[in-house]
Each structure stands twice: as C-alpha cells, then as structure tokens.
Amino acid sequence: MADIDVNVFFDEFKRFVEDLSFEKFQTNLFTEDISVAEELLGLAKNTYQGLVLFFCLFKEIYVSIVDADCIEFTETLVALIEMYSDMTQRMEERCNMLEERNTDTGFRCHVLNVGGRGRPRFVVSKNQVEGLKDLGFSWTKISTMIGVSRTTLHRRRQELGLNSCNNYSEIDNEELDVFVRFILEQTPEAGEVMVRGALRGRGISVQRWRLRDSIQRVDPVRKQYRQRLRIRRRVYNVPGPNSLWHLDGHHKLIRWRMVIHGAVDGFSRTVVFLRCGTDNEAPTVLELFEEATKKFNVPHRIRCDHGTENIDVARWMLARQNHVNNPVITGLSVHNQRIERLWRDIGDSFVRYYRCLFYFMEENFLLDPVDEVHLYALHFVYLPRINRSVEEFILQWNNHPVRTENSLSPLQMWMQGIYNYAHSSQPAVQMLLGPTIDPEAFGVSDDDPDPELQTNNHVEVPRSSIELTDSDKAVLEFAIDPLTDDGNHGIDMFLMAVHMIKHFIN
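Residues numbered from 1 in each chain as written. Predicted model: local features only at pLDDT ≥ 70, side-chain atom pairs only at ≥ 80, totals over all residues. Heavy atoms only, no water.

Enquirer: Account for the overall build of the chain, naming residues and giving values.
Expert: Scanning the chain from N- to C-terminus turns up 19 helices and 7 strands. When burial is assessed residue by residue, the chain has 45% of its 506 residues classed as buried. In the chain, the proportion of contacts linking residues at least 24 apart, taken out of those at least 6 apart, comes to 72%. Accessible surface, the chain: about 27700 Å² in total, of which carbon and sulfur atoms supply 51%. (Helix = DSSP H or I, 4+ residues; strand = E, 2+ residues; numbered from the N terminus. Buried < 20%, exposed > 50% of the residue type's maximum accessible area, 1.4 Å probe, protein only. Contact = heavy atoms within 4.5 Å. Areas by Shrake-Rupley, 256 points an atom, 1.4 Å probe, with all protein chains shown as cover.)

So, in structure tokens, the structure goes:
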C-alpha cells in the first residue's frame with residue numbers, strides 16, 4: 001500500500017514539474033518591463049512555496065522509506081528548491097532596480113521650518129558645496145546633486161561667501177610648463193586627458209587650449225605620436241558605486257620580481273588601490289584591500305580571477321557580506337574588463353618605460369636578473385620610483401575627464417552616484433551612508449569555506465635571499481636617495497647600490 005502511495009505521490013510531483021516553465025524566467029531575466037518582472041517574481045515565489053510544501057509532505061509521510069527512487073526524488077526536489085530560491089532573489093533585485101528607475105532616489109538637502117510665511121528653508125552646508133566644487137562640478141551640477149534649484153544655490157553661495165566665479169587657476173605659462181614637465185617625467189606616455197587629470201588632482205584648472213599649448217612646448221614629438229592612436233571602448237554597466245570592485249595583479253615586471261596589485265570600482269572606474277610590491281601573496285593583497293575600504297568603504301561584491309593571492313580578500317568578503325549575496329565572483333581574467341583595461345593604460349603610462357629600461361640594462365650587462373645582489377639593488381632603487389609613478393597615475397586617472405561620461409572624472413562619477421542613489425535600496429550605497437565600518441573587525445575565519453581556486457593560476461615570486469643588518473640598511477639609505485635624479489634614469493644609483501651591497505655581504 002505504501003508503494004502505491006509513493007507512486008501516486010511521484011506522479012503528482014511529475015505533473016507539477018511538467019507545468020513549470022523555467023525557460024520563461026531565463027528569457028525574461030533582464031526584462032525592462034516592470035509588470036513582467038513582478039509577474040515572474042510572483043510565479044517564482046509560488047513555485048518555491050509549492051516545492052517546499054511537496055518536500056515537507058514527502059518527509060512527513062515517507063520518512064521511513066529509503067530506496068533509490070526516494071533518494072533520486074529528494075535530490076531532484078532539493079535542486080529545484082535551490083534553483084527557484086535563487087530565481088526569486090534575482091527577480092526581487094530586478095523589480096527593485098526597475099522601481100528605482102521610476103522614482104527619485106537622489107540626495108535631498110535637509111529642510112528647516114523657521115515658522116512664518118513662505119516655504120521651508122533648505123539647509124546647504126558650506127563644506128559640502130566646497131567639496132563638490134573642488135572635485136570640479138559645475139554650479140548647475142551641484143544644485144542638481146543636492147536637490148535644490150540653481151537660484152537657491154546662488155543665494156546660499158552669497159550667504160556663505162562662495163561667490164567666486166573664476167573656474168580657472170591663476171598660473172602663468174612657465175609655472176604650467178613646470179607641472180606638465182614633471183607629470184610627463186613620471187608617466188611619459190600620458191596624454192592630454194591624463195595630464196589634465198593630474199593637474200586637477202593638484203587643484204590646478206586651466207583652459208584646454210592652454211594645456212595643449214603647454215604639452216606642445218614641453219613634449220612636441222610624443223604629442224604628434226599620441227594623436228595617431230585610437231582607443232576602442234566597450235559598453236559596461238553596474239548599478240552604482242561600490243556595487244562591484246575588480247581586483248587583479250599586473251605581472252609585466254615579474255621577470256624582476258615585481259608585481260602591481262590593483263582594484264577598480266566598476267561603476268565609476270575609480271582606482272581604489274594600486275601598489276607595486278615584491279611578492280604575490282594573499283596577505284599583501286588583503287592589506288591593500290583593507291586600506292581601500294577605510295577610504296571608500298566596503299564594496300557589495302568583488303570580481304577576481306582564481307589566483308591564490310586573492311583568497312584572503314575572498315574570505316574577508318565572505319565573512320563580511322554573507323554567502324547568500326554572492327560577494328565574490330571568480331572567473332577568467334579576460335572577463336574582468338574594468339581592471340584589465342586599466343592595465344593597458346598603466347602599461348602606456350609608465351610600465352613600458354621601466355620594462356624597456358631594465359631590458360636595456362640587461363643588454364648592456366649592467367643588470368643580471370638572476371643575481372640576488374642585482375635584484376636587491378634594483379628593488380631598492382626602482383621600487384620607490386615605480387610607486388611614485390603609481391601615485392602619479394592614480395592622481396591622473398581618478399581626476400581625468402571621461403569623454404563618454406560627459407567629461408566627468410572617475411571620482412566625480414563615484415561621488416555623483418552616492419548622491420543619485422542616496423535614498424535607493426542599493427546595499428553598497430546604504431552601507432557607505434550608514435554607520436562607519438571598522439575593517440579591522442572583519443578578519444579571516446578558518447571556519448569559512450574557501451572560494452573556488454585554481455592553484456595552477458598562482459604566480460609565485462621568490463623572496464630575496466639577501467638580508468642586510470639594520471646598520472647596513474641605514475648606511476645604504478643615507479648614501480642613496482632613490483627618488484633623486486642622477487641624470488641617467490637611476491642607473492648610476494643602481495650601480496652604486498650594487499657595489500655597496502656586495503661590500504656589506506662580503
């Protein structure tokens with residue numbers, strides 16, 4: 001009798017499964033019609049509840065029956081429950097996103113009701129307006145971002161003493177050429193837009209024609225060469241700032257045991273961290289990531305490859321953001337477009353210069369890449385120089401105008417996204433506007449599961465076998481300042497460092 005009941009139950013379940021139309025969900029997963037999304041959300045919820053009901057009934061009635069059919073039935077039922085649970089979550093996120101498009105989720109100034117006639121008064125902070133203006137926003141854009149009219153902002157500017165209408169810095173051509181020359185020395189292949197970003201990061205704003213003339217005076221040959229280059233850009237979209245960070249490592253200098261680790265906010269292209277080091281280990285990447293969270297707060301998700309250098313950051317995110325939200329997305333490096341595109345600009349800006357310089361030193365028998373003394377001296381002299389170029393690049397990149405985004409800089413896009421989605425349901429924005437997060441409170445837990453890894457994708461950088469005493473290091477640092485200009489691209493200082501290190505170890 002029990003067998004007959006089980007068969008009847010199985011038949012009812014099969015008919016229920018046959019009526020399911022999962023293809024409809026797959027076809028309309030990215031629908032732009034909110035009515036279709038809401039219909040699919042209701043269908044997913046009802047299906048999920050029906051599957052859970054089947055499962056509960058089966059466990060209650062046939063808990064004592066254990067055979068191959070029951071085991072297969074249970075596995076199928078659990079798989080369907082997980083699938084429709086995930087689909088319910090996806091459709092909820094889709095409905096929330098479509099609803100926010102039709103509602104005003106932007107930042108709004110506080111309103112002060114002083115009594116009497118007239119409308120309540122908008123409270124505009126001087127620090128807020130000055131901060132947005134320092135980022136290069138126009139008055140019209142600022143008024144839109146803080147939710148007041150341009151006339152109201154003009155009155156508040158007069159009250160707060162912010163009446164300056166001069167958007168350009170008072171700087172003569174000679175001073176401008178000095179800044180442009182220094183920028184191009186640190187990043188020789190930087191173009192007009194990147195130089196403009198570097199100047200903006202230093203608080204210097206000049207007309208475009210003046211900047212072009214300055215580059216022509218300082219570096220006329222490269223200017224003509226850069227004008228022949230064309231950049232193809234791909235379309236990319238994420239919901240908002242801090243929704244997704246892209247992490248990766250740049251190994252073009254791995255021959256000399258140097259690795260550049262970086263991360264980019266996918267929404268705004270803002271570089272959240274970038275640093276050149278002498279190892280490719282997980283604690284190094286985690287330290288850089290935690291420093292970035294102190295400045296930009298915690299991202300909602302990260303995307304990285306399967307390399308083991310990302311495992312500590314993955315554990316940190318799994319412990320902080322919970323596994324349900326899929327905080328760690330792993331995949332091939334070619335799918336990590338934002339950071340991979342950044343490596344192209346970094347290579348053009350300064351990495352190619354150092355590669356060519358190191359190969360030149362090898363070809364002229366000045367540098368032996370397998371000699372520990374040479375590598376120690378190379379790191380001592382050129383690692384500070386490379387990181388100075390890294391800092392210059394970050395300044396350029398985060399402040400340069402992006403042509404396809406109405407000439408907003410990455411930092412401006414990041415800040416504008418915070419204002420535009422201040423009252424939205426986006427977790428990344430709400431986390432940033434909420435209580436301050438202490439990154440130190442979220443360490444690595446040995447109980448957390450590790451993300452999927454491919455250990456053959458790990459690039460190991462050998463550690464140096466040379467260990468100098470503290471007194472020897474002090475003498476070396478006193479004798480050689482790596483950041484000074486020796487007139488020979490640092491080669492003379494490198495040779496001097498090799499000589500001193502050999503003297504120390506012998």
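Once you've had a look at it, read on.
Enquirer: Pulling in residues and values, what's your account of the environment of arginine 212?
Expert: Structurally, the position occupied by arginine 212 is in helix H10 (residues 208–218). Between the C-alpha atoms of arginine 212 and arginine 196, which are 16 residues apart in sequence, the distance is 9.7 Å.

Enquirer: Lay out the packing of aromatic side chains in plain terms, naming residues and giving numbers.
Expert: With the rule as written, the count across this model stands at 11 aromatic pairs. Look at phenylalanine 350 and phenylalanine 393: their rings are 6.3 Å apart centre to centre, the planes differ by 65°, and that puts the pair in the edge-to-face class. Note that phenylalanine 350 is positioned in helix H14 (residues 337–363) and phenylalanine 393 in helix H15 (residues 372–399), a separation of 43 residues in sequence. Geometrically, the ring pair formed by tyrosine 353 and tyrosine 354 is edge-to-face, given 4.9 Å between the ring centres and 70° between the ring planes. Three or more aromatic residues joined by ring pairs form one cluster here, namely Trp256, Tyr353, Tyr354, Phe358, Tyr359 and Tyr382. Its end group placed over the ring of tryptophan 139, lysine 133 keeps NZ or CZ at 4.5 Å from the ring centre. Above the plane of the ring of tryptophan 139 lies arginine 157, whose end atom (NZ or CZ) is 3.9 Å from the centre. (Phe/Tyr/Trp six-rings, centres within 6.5 Å; stacked < 30°, edge-to-face > 60°. Lys NZ or Arg CZ within 6 Å of the ring centre and 35° of its normal.)

Enquirer: Break down the side chain of glutamine 128 for me, citing the residues and quoting the values.
Expert: Looking at the secondary structure, you find glutamine 128 in helix H5 (residues 126–134). Assessed through its relative accessible area of 18%, glutamine 128 is described here as buried.

Enquirer: I'd like a description of the packing of helix H9 (residues 192–201) against H10, backed by residues and values.
Expert: Put simply, H9 and H10 touch, their axes get as near as 11 Å, and they point 110° apart. Taken together, the axes of H9 and H10 are roughly perpendicular relative to one another. Between H9 and H10, the residues in contact are Glu192, Val195, Arg196 and Leu199 and Arg208, Leu211, Arg212 and Ile215, respectively. Residue composition of the contact of H9 with H10, grouped by class: 4 nonpolar, no polar and 4 charged. (Axes fitted to C-alpha atoms, helices over the stretch in contact; angles between N-to-C directions. Parallel < 35°, antiparallel > 145°, perpendicular 65-115°, else oblique. Nonpolar A, V, L, I, M, F, W, Y, C, P; charged D, E, K, R; others polar.)

Enquirer: Can you break down the sheet that holds strand S7 (residues 328–330) residue by residue, with the values?
Expert: Pairing is mixed across the open sheet formed by 5 strands, whose spatial order is S5-S4-S3-S6-S7. Whereas interior strands pair on both sides, the edge strands pair on one side only; in this sheet they are strand S5 (271–277) and S7. Adjacent strand axes in the sheet meet at a mean angle of 15°, parallel and antiparallel pairs treated alike. Two elements, strand S3 (residues 244–250) and strand S6 (residues 301–304), share 3 bridges in a ladder whose sense is parallel. Bridge pairing in S6 links leucine 244 to arginine 301. In the packing of helix H12 (residues 282–296) onto the sheet, the strands contacted are S3, strand S4 (259–265), S5 and S6, and the crossing angle to S5 comes to about 150°. (Pairing = 2+ DSSP bridges.)

Enquirer: With reference to specific residues and values, describe the pattern of salt bridges.
Expert: Under the definition given, this model contains 15 salt bridges. The salt bridge involving glutamate 192 is made with arginine 212; its shortest N-O contact spans 3.2 Å. Highlighted residues: glutamate 192 in helix H9 and arginine 212 in helix H10, separated in sequence by 20 residues. Between glutamate 405 and arginine 269 there is a salt bridge; the shortest N-O distance is 3.8 Å. Of the two residues, glutamate 405 sits in the loop between H15 and helix H16 (410–420) while arginine 269 sits in the loop between S4 and S5, which places them 136 residues apart along the sequence. (Salt bridge = Lys/Arg side-chain N within 4 Å of Asp/Glu carboxyl O.)

Enquirer: So what's going on with the pairing of S4? Residues and values would help.
Expert: Here S4 lies mainly inside the structure; 7 of its 7 residues are buried. Side chains Val259, His261, Ala263 and Asp265 of S4 all project onto a buried face; the interleaved residues Ile260, Gly262 and Val264 project onto the opposite face, where all are buried too. Both S3 and S4 contribute to a ladder of 6 bridges, which runs antiparallel. Bridged to glycine 249 within S4 is histidine 261. As judged from the 6 bridges shared by S4 and S5, these two strands associate in the antiparallel manner. Of the residues in S5, the one forming a bridge with histidine 261 is arginine 275. Here S4 folds back onto S5 in antiparallel fashion, the turn holding 5 residues, of which arginine 269 has a positive phi close to 70°.

Enquirer: Now, about the confidence of the model for the chain: what can you tell me, with residues and values included?
Expert: Of the residues in the chain, 81% have a pLDDT of 70 or more, and the chain-wide mean is 81. Note on residues 435–456: pLDDT is under 50 here. Beyond four places in sequence and across chains, it has 35 contacts. (pLDDT = per-residue confidence, 0-100.)

Enquirer: Tell me about the environment of leucine 274, and please be specific about residues and values.
Expert: Examined against the element boundaries, leucine 274 turns out to sit in strand S5. Between the alpha carbons of leucine 274 and alanine 292 there is a distance of 9.5 Å; along the sequence they are 18 residues apart. Setting aside residues up to four positions removed in sequence, leucine 274 forms contacts with Ile260, His261, Gly262, Trp343, Ile346, Val390, Phe393 and Ile394.

Enquirer: How would you summarise the side chain of threonine 270 if you had to cite specific residues and measurements?
Expert: Among the secondary structure elements, threonine 270 is positioned in the loop between S4 and S5. A relative accessible area of 0% means that threonine 270 is categorised as buried. One polar contact links threonine 270 to serine 268, side chain to side chain, over a distance of 2.8 Å. (Polar contact = N/O pair within 3.5 Å; in protein donor to acceptor, adjacent residues only side chain to side chain.)

Enquirer: Run through the nonpolar core, naming residues and quoting values.
Expert: If you look at the biggest cluster of nonpolar residues, it comprises 58 residues, and the most contacted ones within it are Phe358, Tyr382 and Leu476. Those elements that place two or more of their residues in this core are helix H8 (173–186), H9, H10, S4, S5, H14, H15 and helix H19 (491–505). Among the elements that make up this core, the one with the highest residue count is H15 (12 residues). Leave out the neighbours within four places in its chain, and tyrosine 382 touches Tyr354, Leu357, Phe358, Met361, His489, Gly490, Ile491 and Phe494. Core analysis: the next-biggest nonpolar cluster, separate from the first, contains 24 residues, Val298, Ile302, Val313 and Leu318 among them. (Core = buried A, V, L, I, M, F, W, Y, C linked by side-chain atoms within 4.5 Å.)

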